[in-house]
Amino acid sequence: MRDFPMCEECRREYTDPLDRRYHAQTIACPKCGPRLAYIEGGREIEGEPIGLAAAALREGKIVAIKGIGGTHLACDATREEVVAELRRRLSRPGQPFALMAPLPLVREFAEVSPEAEELLRSPRRPIVVLEEKPGYLAPAVAPGLHTVGVMLPYSGLHHLLFKQLHFPLVMTSANFPGRPMLIENERVVSELSGIADAFLVHNRRIVARCDDSVVRISGGVPTFLRRSRGWVPEPISLDLGEEPLLALGAELNVAFALYHRGKVYLSQHIGNVAHLET
Ligand SMILES: [Zn+2]
């Protein structure tokens, strides 16, 4: 919260031993705290940013949404022309898109086993690969596949957004293929201007970039397709001896692992190291 100096009123609460917010480190108010902005056509639009973004999504627009560990591109996952347009702008013809929706909505378009439900609802909130129920989603979400990757809303912003939406969203990571996610607002807006129609951003810095984790349940056991947000850098216990070890790779989906005293620390998914920025 260093970027948001307390206003006089917040400081008074923070420094008063009799106040319930005494030394509450995240103290902030609408005057001095982080704020959201909705940007369209190169300028900030006045109004309530989440409501404006929800209205744009209902109209079939593609909205870039800044989150906790990076930025997502979002659009209505039930409209074929909208999802196909996102594919065209991203030049990504085949790779399946991940979705976000509240659980009752997920049940409309996917089979949710008790194991899957537990994973979906866990605080780690991964993308879980589920069997798709045909006929609900736009075919362009996951062309040629009978499965779909789904996550539940996991930030306050997501929850507020879904209060105003009644359809699932495509929520695909707004990184250019194989590069780390975009983190600063100016870069988000300038580099995604040809892809997103509008932007819902906040002015907090993203300190650690982190993609959504992807998990598939096979034989009742969760298996990682991508071990990232929610799991890293939590260590895995493993006895590999006294010597510290560093493992790096592979080229297309790079992550690293550092072994030290019986614990392996895995990094998040980083990207394709053929690109200089990665
Ligand atoms: Zn304040």
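Before reading on, note that the structure itself is shown above.
For clarity, every value in this text was computed on a predicted model and none was experimentally measured.

Q: Quick one: what's the story with the overall build of the protein, residue by residue and with numbers?
A: A count of helical and extended segments in the protein gives 7 helices and 16 strands. With the C-alpha coordinates of the protein rotated into their principal frame, the extents come out at 55 × 55 × 40 Å. Relative to its full complement of 278 residues, the protein shows a buried share of 44%. The contacts of the protein with a sequence gap of at least 6 include a subset with a gap of at least 24, amounting to 58%. Positive and negative side-chain charges in the protein, numbering 33 and 34 respectively, have mean positions lying 2 Å apart.

Q: Tell me about the coordination of the zinc ion, and name the residues and values.
A: Coordination of the zinc ion by the protein comes from Cys7 (SG), Cys10 (SG), Cys29 (SG) and Cys32 (SG), over a distance range of 2.2 to 2.4 Å. Around the zinc ion sit 4 donor atoms; with metal-centred angles ranging over 106 to 115°, the donor geometry is tetrahedral. All donor residues of the zinc ion come from one chain, and their arrangement in sequence is C-x2-C-x18-C-x2-C. In this pair, cysteine 10 is assigned in helix H1 (residues 8-15) and cysteine 29 in the loop between H1 and strand E1 (36-40), connecting sequence segments 19 residues apart. A residue is classified by how much of its surface remains accessible, and cysteine 10, at 4% relative accessible area, is buried.

Analysis parameters
Residues numbered from 1 in each chain as written. Predicted model: local features only at pLDDT ≥ 70, side-chain atom pairs only at ≥ 80, totals over all residues. Heavy atoms only, no water. Helix = DSSP H or I, 4+ residues; strand = E, 2+ residues; numbered from the N terminus. Buried < 20%, exposed > 50% of the residue type's maximum accessible area, 1.4 Å probe, protein only. Contact = heavy atoms within 4.5 Å. Lys, Arg positive; Asp, Glu negative; His and termini not counted. Charge placed at Lys NZ, Arg CZ, Asp CG, Glu CD. Donors = N, O, S within 2.8 Å, 3.2 Å for Na, K, Ca; no water. Tetrahedral: all angles 85-135°; square planar, octahedral: opposite > 155°, others 65-115°.

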